[in-house]
Amino acid sequence: MDNVRFGIVGLGNMGGHHMRQITAGKPKGATLTAVCDIDPAKRAKAEVEHGIPAFESHQKMFAAGLIDAVLIATPHYDHPPIAIDALGRGLHVLSEKPIAVSVKAARELNEVAARHPKQKFGVMFNQRTNPLYQKMRELIAEGELGEVTRVTWLITDWFRTWTYYASGGWRATWAGEGGGVLINQCPHNLDLMQWITGMMPSRVTAVGAIAKTHPIEVEDDISAILEYPNGAVGHFVTSTGEAPGTNRLEVCGDRGKLVAEHGKLTFVRTRKSVRDVRENSAEAFASIETWTIDVPYGRSGGPEHEVLWQNFVDAVRYDKSMLAPGIEGVRGLELGNAIMMAGLTRTPVELPMDGDAYDAFITEMARKYGGKKSLAEKQAVVDMGASFR
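Residues numbered from 1 in each chain as written. Predicted model: local features only at pLDDT ≥ 70, side-chain atom pairs only at ≥ 80, totals over all residues. Heavy atoms only, no water.

Asks: Got a minute to help me understand the pairing of strand E2 (residues 30–36) in this structure?
Replies: For E2, the buried fraction is high: six of the seven residues fall into the buried class. Where the polypeptide runs from strand E1 (residues 4–9) across helix H1 (residues 13–23) and back to E2, its parallel neighbour, the crossover connection is right-handed. Across two bridges, the pairing between E2 and strand E3 (residues 54–55) is parallel. In the strand pairing of E3, Cys36 is matched with Phe55. (Buried < 20%, exposed > 50% of the residue type's maximum accessible area, 1.4 Å probe, protein only. Helix = DSSP H or I, 4+ residues; strand = E, 2+ residues; numbered from the N terminus. Right-handed = clockwise from strand over helix to strand, strands pointing away. Pairing = 2+ DSSP bridges.)

Shown next, in the form of structure tokens:
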């Protein structure tokens, strides 16, 4: 395929950004030939400013025969049904994250994608293009760290004000997003946690809070413990109410510790196997010599969204592999679902998750806490969150 004709579904913040990106000639080998949005004003603006046909529904845009591929940038719940419709039409699909709200919906989408192997299906996990995270993944995969024993991500620099949450009626609602900090701010972190290590936990316990620091109906603070099949332990701590906040990823193994923080990758390497010294040393208080290494990891190929866009277009044009296949979107999503359910029910969750049980859980959360609109009702959510905790 010489040129990939793209359509965009949803012209909000991210959809608008992607529209400007493609019309500016990025990525190479792609042209924007149609858009759709339920908002007439957004459709009119796209038609006037970019000369692009604009449709009121994705079904009408798909039926027009103007596109080869689609970028989905709608509210979260709409991602799977639109992707399924697109695959059924023979279109390639690139979806904004998260791939779905619930693990069950993601699995159903993956089943459909598996029936269309000639069509590319990707997810916008642009953080996978970050050379720092790529280097961490490489070091772990090649055994430099030895067997992984601990994964800890403190990711609390998501500070948001009450004004932020009031800026959109869909924002931080069960009906609009299907959750809070885990489904909105953290999908990249949750994806990277499993992508970098190649590991998924088998059990999750957590403590979570609805409306801990904001008058919203969903979670804004979560602390989780992850148990892995090999005996490793993980920690995931996140919040939108803490300042100045921290963004620090540690991965420990038998040969030391990798630390990613402030754009720097440090490898505190042990000269000997930690396990060997622990089990065989004749010294009661043995110490292990370590080397602290500032790991070079090269430069990015450009802005992260642009790099992932180009990777997807090249995959369509030349049948190349993708950095972020859509079928992998279920992994970080399942991790987030498990943390959410464990944190708000205070009950451990086993993985693989029961998709029906999670759907029932978020339905109950929406019934109990959803639909709060007035200031008084929002304050009631805060009060309910306090009693729930």
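Asks: Help me understand the packing of aromatic side chains, please; the structure alone is not making it clear to me.
Replies: Each aromatic ring pair is specified by the distance between its two centres and by the angle formed by the two planes. On inspection of all chains with the given rule, the structure shows five aromatic pairs. Look at Phe6 and Phe312: their rings are 6.2 Å apart centre to centre, the planes differ by 55°, and that puts the pair in the tilted class. On the criterion of sequence distance, the pair formed by Phe6 in strand E1 and Phe312 in helix H11 (residues 304–318) is long-range, its members being 306 residues apart. Arranged with centres 5.5 Å apart and planes meeting at 50°, the rings of Tyr358 and Phe361 form a pair that is tilted. One end of the pair, Tyr358, and the other, Phe361, are both in helix H13 (residues 355–369), three residues apart, so they sit about a helical turn from each other. In this structure Phe361 comes out as buried when scored by relative accessible area, which is 7%. The cationic tip of Arg160 hangs over the ring face of Tyr164; the distance from NZ or CZ to the ring centre is 5.1 Å. Geometry around Tyr164 places Arg171 over its ring, the cationic atom sitting 4.3 Å from the centre. (Phe/Tyr/Trp six-rings, centres within 6.5 Å; stacked < 30°, edge-to-face > 60°. Lys NZ or Arg CZ within 6 Å of the ring centre and 35° of its normal.)

Asks: It is not clear to me how the side chain of Arg43 should be interpreted in this structure. Could you clarify?
Replies: Along the chain, the position of Arg43 falls in helix H2 (residues 40–50). The buried charged residue Arg43 lacks any salt bridge, with Glu56 as its nearest oppositely charged partner at 4.3 Å. At a separation of 2.7 Å, a polar atom in the side chain of Arg43 contacts the main-chain carbonyl oxygen of Asp37. With near-sequence residues (within four places) excluded, Arg43 lies in contact with Asp37, Ile38, Ala54, Phe55 and Glu56. (Lys, Arg positive; Asp, Glu negative; His and termini not counted. Salt bridge = Lys/Arg side-chain N within 4 Å of Asp/Glu carboxyl O. Polar contact = N/O pair within 3.5 Å; in protein donor to acceptor, adjacent residues only side chain to side chain. Contact = heavy atoms within 4.5 Å.)

Asks: For this particular structure, what's the right way to read unusual backbone geometry?
Replies: Cis rather than trans, the peptide bond between Lys26 and Pro27 has omega equal to 10°. Mapped onto the fold, Pro27 is located in the loop between H1 and E2. For the bond running from Ala243 to Pro244, omega is 5°, close enough to zero to count as cis. As for its placement among the helices and strands, Pro244 is situated in the loop between strand E10 (233–239) and strand E11 (247–253).

Asks: How do you make sense of the pairing of strand E7 (residues 148–155) when you look at a structure like this?
Replies: Put simply, side chains in a regular strand alternate between the two faces of the sheet. Where E7 meets E11, seven bridges bridge the pair, whose relative direction is antiparallel. Each bridged residue has a counterpart across the sheet, and for Val151 the counterpart in E11 is Val251. Two elements, E7 and E10, share six bridges in a ladder whose sense is parallel. When the bridges of E10 are listed, Arg150 appears paired with Val233.

Asks: Looking at this structure, I do not really get H2. What am I missing?
Replies: Because the α-helix completes a turn every 3.6 residues, residues three or four places apart line up on one side. Backbone nitrogen of Ala41 and a side-chain oxygen of the N-cap are separated by 2.9 Å at the start of H2; the cap is Asp39. Of the residues one or two after H2, Gly51 is the one with positive phi, at around 65°.

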